[in-house]
Amino acid sequence: MSSQVVIQFMPRDIAQLLKPLESGLIVSCQAPADSPLNHPTIIAAIAESVVAQNAVAVRIDTPERVTAVRQRISAPILGLWKQKIPGYEVYITPRFEQAQALAEAGADFIAIDATLRDRPEPIEILIQRIHQELGKLVVADIDSLESAIAAIQAGADMIATTMYGFTPATEGCSPPAFDLLAEILEKSNVPVICEGKVNSPELARQAIDLGAYAVVVGTAITGIEAHVQAFDAALRKKIPALLIERNDTYHFALFTQEHPSYRNYVRSKLRQYNPETTSANGYFDQSALRGLPIEIFLLDDRDKVKAGLVSLTRWNWLLIEALWVEESIRRQGFASQLMHLAEQEARRRGCTEALLDTFSFQAKEFYEKLGYEMFAQVDDYPSGYSFFQLKKEL
Ligand SMILES: CC(=O)N[C@H](C=O)[C@@H](O)[C@H](O)[C@H](O)COP(=O)(O)O
């Protein structure tokens with residue numbers, strides 16, 4: 001491995017360099033160490049296939065694999081090198097020499113472990129050298145707000161939530177790190193990548209809607225072994241019944257956890273029964289039953305949600321499911337406006353009634369002021385509270 005300096009300037013227009021990643025999918029093409037897939041040629045083929053499907057960049061471990069991937073794609077590569085160094089806990093590109101090898105192999109960004117754990121080289125020096133001696137941008141893999149702030153102060157160009165839930169300090173936290181993402185965005189303008197267990201397209205979309213600059217997805221896309229294990233486990237697992245009562249022909253099985261297969265079967269049978277018995281009007285046809293959403297949100301200039309109303313219209317009814325206003329902007333009329341807009345849209349659809357429920361610690365009086373009338377009250381539900389149902393003619 002050569003120790004010569006690769007590029008001796010720090011790119012000035014960082015925003016321009018980050019642009020290709022904006023709102024995009026970065027695929028982490030890694031395989032478990034002992035996997036037959038963990039071979040440079042295979043990783044490179046996976047990288048090429050995901051870039052062909054519009055992934056904006058790939059995240060690649062080890063210079064050897066970065067070299068192989070660089071030969072197959074021109075899209076940006078986020079390079080990292082997982083290296084355990086005795087006496088230290090940080091393991092993602094812990095030293096400059098690893099960053100240099102990645103840069104020489106063709107990585108455009110260098111990902112480093114930027115958690116606040118013992119490290120072999122001070123983070124400021126590591127980032128400064130990556131900038132000045134390699135001319136590469138730094139993605140700081142953090143686990144907490146404190147580590148994000150420290151990485152930004154040390155000069156990181158991007159933050160990634162990679163380590164959230166994977167360090168002793170964040171043990172028990174479950175990624176994806178949406179709350180942490182929001183906290184970092186409140187405090188800084190540095191682009192934040194949401195990474196770690198973004199396990200579905202819906203979660204990836206959610207990350208971007210929460211303000212993530214880009215999303216890294218690994219296992220959910222490239223984790224063949226993990227997927228096979230999950231299928232295998234599902235086929236092997238029989239959910240245990242707690243209590244079984246028998247008569248001559250049948251037996252009752254009681255489950256204290258969800259039983260998706262049986263539950264879905266029962267629900268689908270009921271869904272068949274309903275329209276069969278009310279066939280003339282179509283009220284219980286699937287689409288009628290699902291209703292039509294009315295979802296209204298109050299957004300700030302960065303499209304962050306400050307208040308929202310989630311509802312739907314079914315038959316001639318508006319059903320209000322959730323209404324929330326951020327604490328700092330309460331009592332300014334936003335909730336009333338949200339209700340007004342929902343009712344207006346429901347009326348436009350021909351609805352004549354609205355229905356909602358609320359608890360005694362929530363906002364019954366607010367709804368009553370808007371003309372809703374309580375028609376049902378359940379006390380001690382839960383103990384010490386009451387549950388109300390209210391309706392209004394539109
Ligand atoms: C914690 C750590 O070492 N994460 C690693 C970082 O490169 C990878 O093992 C992850 O696969 C990657 O972060 C993507 O996450 P997910 O596979 O959950 O989509």
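Residues numbered from 1 in each chain as written. Predicted model: local features only at pLDDT ≥ 70, side-chain atom pairs only at ≥ 80, totals over all residues. Heavy atoms only, no water.

**Observations concerning the site of the ligand**
Threshold: Any residue with at least one heavy atom within 4 Å of a molecule or strand is counted as near it. Side-chain atoms alone can form a polar contact between residues adjacent in sequence; in general such a contact is a pair of N or O atoms within 3.5 Å, and within protein one must be able to donate a hydrogen while the other accepts it. All accessible-area figures derive from a Shrake-Rupley calculation using a 1.4 Å probe, and residue coverage is judged against the displayed protein chains alone. Three classes are used: nonpolar for Ala, Val, Leu, Ile, Met, Phe, Trp, Tyr, Cys and Pro, charged for Asp, Glu, Lys and Arg, and polar for all others, with Gly counted as polar.
What surrounds the ligand is a group of 14 residues, the closest being Y91, E195, K197, G218 and T219. With respect to the ligand, the backbone of K197 contributes an N or O atom lying 2.7 Å from an oxygen atom. Here the ligand has 450 Å² of accessible area as a free molecule, and 87% of this is covered by the chains. Of the residues contributing to the shell around the ligand, the split by class is four nonpolar, six polar and four charged.

**Digging into the domain arrangement of the protein**
What counts, and what does not: An automatic or database domain assignment is the source of the domain bounds shown.
Taken as a whole, the protein is organised into domain 1 (14–228), domain 2 (243–286) and domain 3 (291–393). The centre of domain 1, based on its C-alpha atoms, is set 41 Å off from the matching centre of domain 3.

**Things to note about the packing of aromatic side chains**
The test is simple: Aromatic pairing here means that ring centres of Phe, Tyr or Trp (its six-membered ring) are within 6.5 Å. Orientation follows from the plane angle: under 30 degrees is stacked, over 60 is edge-to-face, and everything else is tilted. The secondary structure listing takes helices from DSSP runs of H or I that are at least 4 residues long and strands from runs of E that are at least 2 residues long, numbered from the N terminus. The buried label applies to any residue whose accessible area, calculated with a 1.4 Å probe on protein chains only, is under 20% of its type's maximum; exposed applies above 50%, and partly exposed to all values in between. When the NZ atom of lysine or the CZ atom of arginine is within 6 Å of a ring's centre and also within 35 degrees of its normal, the charge is said to sit over that ring.
Counted according to the given criterion, the structure contains ten aromatic pairs. Ring geometry for F359 against F387: centres 5.2 Å apart, planes inclined by 55°, an arrangement best described as tilted. Taken together, the residues span a long stretch of sequence, with F359 in strand β14 (residues 353–359) and F387 in strand β16 (residues 386–393) at a distance of 28 residues. Among the residues examined, F359 registers a relative accessible area of 23% and is labelled partly exposed. When the centroid spacing of 5.2 Å and the interplanar angle of 65° are considered together, the rings of F366 and Y367 count as edge-to-face. The same class applies to F366 as to Y367, namely buried. An aromatic cluster of three or more residues is present, and its members are F359, F361, Y381, Y385 and F387. Positioned above the aromatic ring of F388 is the side chain of K364, whose terminal nitrogen or guanidinium carbon lies 4.7 Å from the ring centre.

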